[in-house]
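If you want the building blocks of each chain, they are given just below.
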Amino acid sequence: MKPLTAAEIRTRYLDFFAANGHAVMKSDSLVPTNDPTLLFTGAGMNQFKDMFLGKGTLPTRRVTTAQKCLRVPDLDNVGLTPRHHTFFEMLGNFSFGDYFKKDCITWVWSFFKDVCGIPADQMVVTIYQDDDEAFEIWTQHIGLAPGRVFRFGEKENFWPAEAPSKGPNGVCGPCSEIYFDHAPGEALPADAGLSELPAPRFLEIGNCVFTQFDRKDGGKLDPLPQKNIDVGLGLERIAAVLQGAENNFETDLFRPYLEHLGRLTGTAYGVDAGRDVRMRRIADHVRAVTFCIADGALPSNEGRGYVVRKILRRAARDGYELGLQQPFLFDMVGLVGEVMGDQYPEVRENAAQCRAVIRGEEENFSTVYRQGMARLDEFLAKALANHSRGAVLTGSGAFAFQLHDTYGFPIDITQKVIEERGFGLDLAGFEAAMAAQRERARKSAAVADAVFTASVAVKLRDAGHAPTTFTGYDELVTDARLLALVGDGEVLLDRAKAGQQVVLVVDRTPFYAQGGGQVGDRGRVETATGRARVLDTTSLDGYWLHRLEVESGELETGQEVRMLVDAEARRATERNHTATHLLHAALKQVLGDHVSQAGSEVSAERLRFDYTQPEKPSAEKLQQVEDLVNEQVLLAIDVAARVQGLDEARGNGFVALFGEKYGEQVRTLQVGEFSKELCGGTHVRNTGNIGSFRLVSEGAVAAGTRRIEAVTGRTALQLARAERESLQAVAGQLKVPTDKVPARVKELADELKKTRKELEKALAPDLDAEIEKLAGQVVAHDGVHTVVFERPGLDTKGAQELLHRAQQRFAPFAGVVISPAADSVLVVANVHRELTDRLGAGDLVKELTGLLGGGGGGRPEGAQGKGRDVAKVAAAVARADEALRSAGLR
């Protein structure tokens, strides 16, 4: 019988639980919805926190999902072990106060045994040591022999781990895990004294968490009024079991990537164990990076973006070590779509954006890699002088970790370079720094001090307040009822007085809440007893939160309140928002379909639009974009907005924006046939309302991501007026009409260029005289001539010419010119080809410029570079002399 594919396992799981009364829900984004405490979605239950608390609004109490997840605490184990991953899929079924242990265990067991066909004698289970109820279900209802049910303590079989003794307070409960037995013919281990099942014989394939307690201070476990079920099954592990694979990477989820890498590198997977580790790591990481970017988590230097960049660079480095000198990861995005796109269409829909971002990051990596080598050379230049050969370099472990963590620089290369210089690496220091980082990662991934802390939205719901109705698509003034005032610490207040800043919640509002790149509305509110200024508007779980300052009188809950949006600011924001849609469409037309929105901010003052694009567009292309947008403005096209189903909207050609999350019903915005996008923001009624559109700036913000800033309407008019006034002022200074300014500026620039050349010629050193000075410092040793010549004020061309003449005059010759200037130091070296086996010019320049706080390099016969630390010129001269002596050249 043909083994089940991973896709078939996923489908059968969802179908099985759907048949047992569960609603099938889509995976949440990897960027968690409404949970700023998490960098990434790491479990299927994350999106259901409110439901577990009994505060959620889902119409069902039984749910099943296939959830995309990302975890990074064990990043260094990926590729080395058979099971560790960053990105993985968790199959889950959940009960929110509905069924409990008996039904849960029965269904999960039936799925493994009956649906997947795993023999009962190849499965064992674990339970919490005090969970007699679970033991009875497994042995009496399911019929497992007691010897196949293992009892373990709170570290292994409680969620969160060790919660009874160590916390945190909050929802918790015992769990029961299902294991696959790879050696069913062997005797089972004895339960006594066993703290966990031994690997690799036993492989965990599922975990049933029974959240039935509320932990209080002192470890007291109070029963919950609502008992919940949280089941998580690892798809990759189940696929490995059912497909008879020795590790997860040899399943159909990963084989396409490994086969692709084998063709690309010329060495098939399975030939070389060391190369296999790198191939497995690349396969894992390209999935993780593609899914992260498709969900809007772009590489950056902080937060989740830092994690994405770190994973991407590790994969790029592995490719480099496999001999792939050119970008290659971006070309594997299509494979991710082929393998995963049926279940997760976003990786296909956003493939062009993912390719562009990843390619840009890969191109940056080669530069970063060189920077890492320069940092290493700089460190060695300082460290080697203070150690005797063979010694372990002090601080090298911590420094190696810094290179590894910041640059993704391989520890094995760091160790190799240091050992080639005749010294040792402090591996213990490196491992200590790595262990500290792993501990920090685990703590950051751990559950917070209290599980499922209630948000302000939960408090509002508990108080009986319905979600807010938004009226702002049709009006800017709405009469409403003041439902709640929220003070510091999310405390619900009865009233707020003049000078106090609070959050206002009403039943109806015309204020737009920040979202989709559009800023929240500003304005004012009025009641019979007070007035307040609205500073900002956001939303949380359906409630509009108006941050305001009371200006006079006081506001009280229960009052009638008039909500007045700042009309001028809203209209300006709408002009910029609609212009953003036109800009997006124009960029796609001019630059290509790979362009996609990577972020935006739309305010009354301006619009900012981040987009995926590997290289800088030409001035001509940007002019075309600006002209296209203004053409749509001049055509005065009606802007049509309507609500429709998400699938219907996509079928009608509406574009879902990169990284945005959508419900089943979406608002669409259409500008003729020029632009069709999903958007919940506010917009002009006709493109003619925009007035005019002006690009202000364009530049890179990250590898593969660029940013445009632009203005519209009155702001564009003000900008044009300011530019005209500036041009008139320049024309006045030059004493020419405004239309003659460019020609006059060119004349002045040409004159200045000519004058500078004449000055440089007058100040240039006399190379005939300088070669004689250099010759006077040449040292002869065993038929070889060397020199370290310090001469301020030389440029690269002059220094190279001096060394060229010296090489002709003193061959075989090796020399270094060090030329300090006001804020930099030029280093140029020349080594006769017969001497390069003893000393390379490139290596020497790299070492000297590293010592001087800069960088450089080149060929063994000739190289150049620059340093920044003029104060270390003497040290560089001494080091150059030492290098020549160490090579036996003087």
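Residues numbered from 1 in each chain as written. Predicted model: local features only at pLDDT ≥ 70, side-chain atom pairs only at ≥ 80, totals over all residues. Heavy atoms only, no water.

Student: Help me understand the overall build of the protein in this model?
Tutor: For the protein, the count of helices and strands is 25 helices and 32 strands. Within the protein, buried positions represent 51% of all 890 residues. Nonlocal contacts in the protein, meaning residues at least 24 apart in sequence, comprise 68% of its contacts between residues at least 6 apart. When the accessible surface of the protein is totalled, it reaches about 39500 Å², and 49% of it is carbon and sulfur. Both charge centroids of the protein, one from 106 positive and one from 123 negative side chains, sit 4 Å from each other. (Helix = DSSP H or I, 4+ residues; strand = E, 2+ residues; numbered from the N terminus. Buried < 20%, exposed > 50% of the residue type's maximum accessible area, 1.4 Å probe, protein only. Contact = heavy atoms within 4.5 Å. Areas by Shrake-Rupley, 256 points an atom, 1.4 Å probe, with all protein chains shown as cover. Lys, Arg positive; Asp, Glu negative; His and termini not counted. Charge placed at Lys NZ, Arg CZ, Asp CG, Glu CD.)

Student: For this particular structure, what's the right way to read helix H23 (residues 796–810)?
Tutor: Each full turn of the α-helix corresponds to 3.6 residues, which orients residues three or four apart in the same direction. For H23, with 15 residues, the first-to-last C-alpha span of 21 Å sits near the 21 Å given by 1.5 Å per residue. Buried within H23 are the following residues: Gly 798, Ala 799, Leu 802, Leu 803, Ala 806, Gln 807 and Phe 810. Close packing links the buried residues of H23 with helix H22 (767–775), strand E28 (784–790), strand E29 (813–820) and strand E30 (825–831). (Expected span 1.5 Å × (residues − 1).)

Student: Would you mind going over the nonpolar core with me for this structure?
Tutor: Inside soluble globular proteins, nonpolar side chains tend to come together where they are buried. If you look at the biggest cluster of nonpolar residues, it comprises 111 residues, and the most contacted ones within it are Phe 112, Trp 138 and Leu 329. Ignoring any residue separated from it by four or fewer positions in sequence, one finds Leu 329 in contact with Ile 282, Val 286, Leu 312, Ala 315, Ala 316, Ile 358 and Glu 362. Counting 29 residues, the second largest nonpolar core, distinct from the first, contains Leu 582, Ile 637, Val 671 and Val 684. (Core = buried A, V, L, I, M, F, W, Y, C linked by side-chain atoms within 4.5 Å.)

Student: Would you mind going over the sheet that holds strand E23 (residues 665–671) with me for this structure?
Tutor: Strand pairing in a sheet relies on backbone hydrogen bonds, with the paired strands running either antiparallel or parallel. Sheet architecture is open: 3 strands sit in the order E22-E23-E24, paired in antiparallel fashion. Sheet topology places strand E22 (639–645) and strand E24 (675–678) at the edges, where each strand pairs with a single neighbour. Strand-to-strand twist of the sheet, defined as the mean angle between neighbouring strand axes without regard to direction, takes the value 20°. Of the pairings in the sheet, the one linking E22 to E23 comprises 7 bridges and is antiparallel in character. Paired with Val 639 across the bridge in E23 is Val 671. In the packing of helix H17 (residues 567–591) onto the sheet, the strands contacted are E22, E23 and E24, and the crossing angle to E24 comes to about 115°. (Pairing = 2+ DSSP bridges. Axes fitted to C-alpha atoms, helices over the stretch in contact; angles between N-to-C directions.)

Student: I tried to follow the sheet that holds strand E26 (residues 705–712) on my own but got confused; where do I start?
Tutor: Read across the sheet, 4 strands follow the order E20-E21-E26-E25 without closing on themselves; strand pairing throughout is antiparallel. The strands lining the two open edges of the sheet, one partner per strand, are strand E20 (597–602) and strand E25 (693–702). Direction aside, neighbouring strands of the sheet carry axes that sit 15° apart on average. Set on the sheet, helix H20 (residues 713–734) makes contact with E25 and E26; between it and E26 the angle comes to about 90°.

Student: Where do I start with the side chain of His 85 in this structure?
Tutor: Relative to the assigned elements, His 85 resides in the loop between strand E2 (62–70) and strand E3 (87–96). On the basis of relative accessibility, which here comes to 12%, the residue His 85 falls in the buried class. Of note is the side chain of His 85, whose polar atom sits 3.5 Å from the backbone oxygen of Arg 83. Within the structure, the side chain of His 85 is placed 3.3 Å from the side chain of Asp 284, a separation counted as a polar contact. With near-sequence residues (within four places) excluded, His 85 lies in contact with Arg 71, Val 78, Glu 236, Asn 248, Phe 249, Phe 254 and Asp 284. (Polar contact = N/O pair within 3.5 Å; in protein donor to acceptor, adjacent residues only side chain to side chain.)

Student: Any chance you could explain the confidence of the model for the protein here in plain terms?
Tutor: As a note on interpretation, predicted positions should not be read in detail where pLDDT is low. For the protein, per-residue confidence averages 91 on the pLDDT scale, and 97% of positions sit at 70 or higher. Confidence drops under pLDDT 50 across residues 446–453; counting only partners more than four residues distant or on other chains, this segment forms 19 contacts. (pLDDT = per-residue confidence, 0-100.)

Student: Hey, could you run me through the pattern of salt bridges in this one?
Tutor: When the charged atoms of two side chains with opposite charge come close together, those side chains can pair. For the structure shown, the criterion picks out 57 salt bridges. Among the salt bridges present, the one from Arg 355 reaches Asp 331, with a minimum N-O distance of 3.1 Å. With Arg 355 in helix H12 (residues 351–383) and Asp 331 in the loop between helix H9 (303–321) and helix H10 (333–340), the pair connects residues that are 24 residues apart, well separated along the chain. What makes Asp 331 partly exposed here is its relative accessible area of 42%. The salt bridge partner of Glu 698 is Lys 616, with a shortest N-O separation of 3.5 Å. With Glu 698 in strand E25 and Lys 616 in the loop between strand E21 (607–612) and helix H18 (619–634), the pair connects residues that are 82 residues apart, well separated along the chain. Residue Glu 698 is classed as buried on the basis of its relative accessible area of 17%. Relative accessible area serves as the criterion here: at 54%, Lys 616 is assigned to the exposed category. Sharing partners across several salt bridges, the network here consists of Asp 214, Lys 216, Lys 220 and Asp 222. (Salt bridge = Lys/Arg side-chain N within 4 Å of Asp/Glu carboxyl O.)

Student: Help me understand the packing of H9 against H12 in this model?
Tutor: Geometrically, a packed helix pair is captured by the angle between its two axes and the distance between the axes. Across the interface, H9 lies against H12 with an axial gap of 10 Å and an inter-helix angle of 65°. For the element pair H9 / H12, the angle class is roughly perpendicular. Classified by chirality, the crossing of H12 by H9 is right-handed. Of H12, the residues touching H9 (which contributes Arg 309, Leu 312, Arg 313, Ala 316, Arg 317, Tyr 320 and Glu 321) are Ile 358, Glu 361, Glu 362, Phe 365, Val 368 and Tyr 369. Tallied by class, the residues present in the contact of H9 with H12 amount to 7 nonpolar, no polar and 6 charged. (Parallel < 35°, antiparallel > 145°, perpendicular 65-115°, else oblique. Left-handed = near helix turned anticlockwise from the far one by under 90°. Nonpolar A, V, L, I, M, F, W, Y, C, P; charged D, E, K, R; others polar.)

Student: Honestly, the pairing of strand E16 (residues 523–526) in this entry has me stumped. Any pointers?
Tutor: Taken residue by residue, a regular strand's side chains alternate between the two faces of the sheet. The alternating pattern of E16 places Gly 523 and Val 525 on a buried face, while none of Arg 524 and Glu 526, on the opposite face, is buried. Both E16 and strand E17 (residues 530–540) contribute to a ladder of 4 bridges, which runs antiparallel. For Gly 523, the partnering residue across the bridge sits in E17 and is Val 534. What sits between E16 and E17 in their antiparallel hairpin is a turn of 3 residues.

Student: I'm lost on the state of the cysteines in this one. Help?
Tutor: Formally, a disulfide is one covalent bond, and it connects the sulfur atom of one cysteine to the sulfur atom of another. Tallied over the entire structure, the rule returns 0 disulfides. In this structure Cys 104 is not part of a disulfide, and its nearest cysteine sulfur, from Cys 208, lies 3.8 Å away. With a relative accessible area of 0%, Cys 104 lands in the buried category. (Disulfide = S-S within 2.5 Å.)

Student: When you look at the side chain of Thr 668 in this model, what are you seeing that I'm missing?
Tutor: In this structure, Thr 668 sits in strand E23. A distance of 3.0 Å separates a polar atom in the side chain of Thr 668 from a polar atom in the side chain of Gln 644.

Student: Even after reading the chapter, I still don't get helix H4 (residues 132–142), so can you show me in this structure?
Tutor: Looking at H4, one finds that the buried residues are Ala 134, Ile 137, Trp 138, Thr 139 and Ile 142. Buried positions along H4 lie against helix H3 (101–115), strand E4 (123–128), strand E5 (149–152), strand E7 (170–181) and strand E8 (202–216).

Student: Just to check I follow, could you spell out unusual backbone geometry for this structure?
Tutor: Excluding glycine, residues mostly carry a negative phi; peptide bonds, for their part, are mostly trans. Backbone torsion omega between Trp 159 and Pro 160 reads -10°, so that peptide bond is classified as cis. If you trace the backbone, Pro 160 turns up in the loop between strand E6 (158–159) and helix H5 (163–166). For the bond from Ala 199 to Pro 200, the omega torsion is 5°, close enough to zero to count as cis. As for its placement among the helices and strands, Pro 200 is situated in the loop between E7 and E8. Residue Ala 636 is not a glycine yet carries a positive backbone phi of 50°. Position of Ala 636 relative to the elements: it lies in the loop between H18 and E22. Judged by its relative accessible area of 39%, Ala 636 is partly exposed. Residue Asp 782 is not a glycine yet carries a positive backbone phi of 55°.

Student: Help me understand the pairing of E5 in this model?
Tutor: Relative to E5, E4 runs parallel, the two being bridged by 4 bridges. Bridge pairing in E5 links Val 125 to Val 149. Note that the unit made of E4, H4 and E5 has a crossover that is right-handed. (Right-handed = clockwise from strand over helix to strand, strands pointing away.)

Student: Honestly, the packing of aromatic side chains in this entry has me stumped. Any pointers?
Tutor: The final tally for this structure, using the stated rule, is 24 aromatic pairs. A ring pair is formed by Phe 48 and Phe 94, whose centres lie 5.1 Å apart and whose planes are at 50°; its orientation type is tilted. With Phe 48 in the loop between strand E1 (23–24) and helix H2 (49–52) and Phe 94 in strand E3, this pair connects stretches of sequence that are 46 residues apart. The exposure class assigned to Phe 94 is buried, which follows from its relative accessible area of 0%. With a centroid separation of 5.7 Å and 80° between ring planes, the pair formed by Trp 109 and Trp 138 is classed as edge-to-face. Remark: Trp 138 occurs in helix H4 and Trp 109 occurs in helix H3; sequence separation between them is 29 residues. The burial state of Trp 109 is the same as that of Trp 138; both residues are buried. Here the guanidinium or amino end of Arg 151 rests over the ring plane of Phe 135, the centre of that ring lying 4.7 Å away. Above the face of the Phe 654 ring, Lys 676 is positioned so that its terminal group lies 5.1 Å from the ring centre. (Phe/Tyr/Trp six-rings, centres within 6.5 Å; stacked < 30°, edge-to-face > 60°. Lys NZ or Arg CZ within 6 Å of the ring centre and 35° of its normal.)

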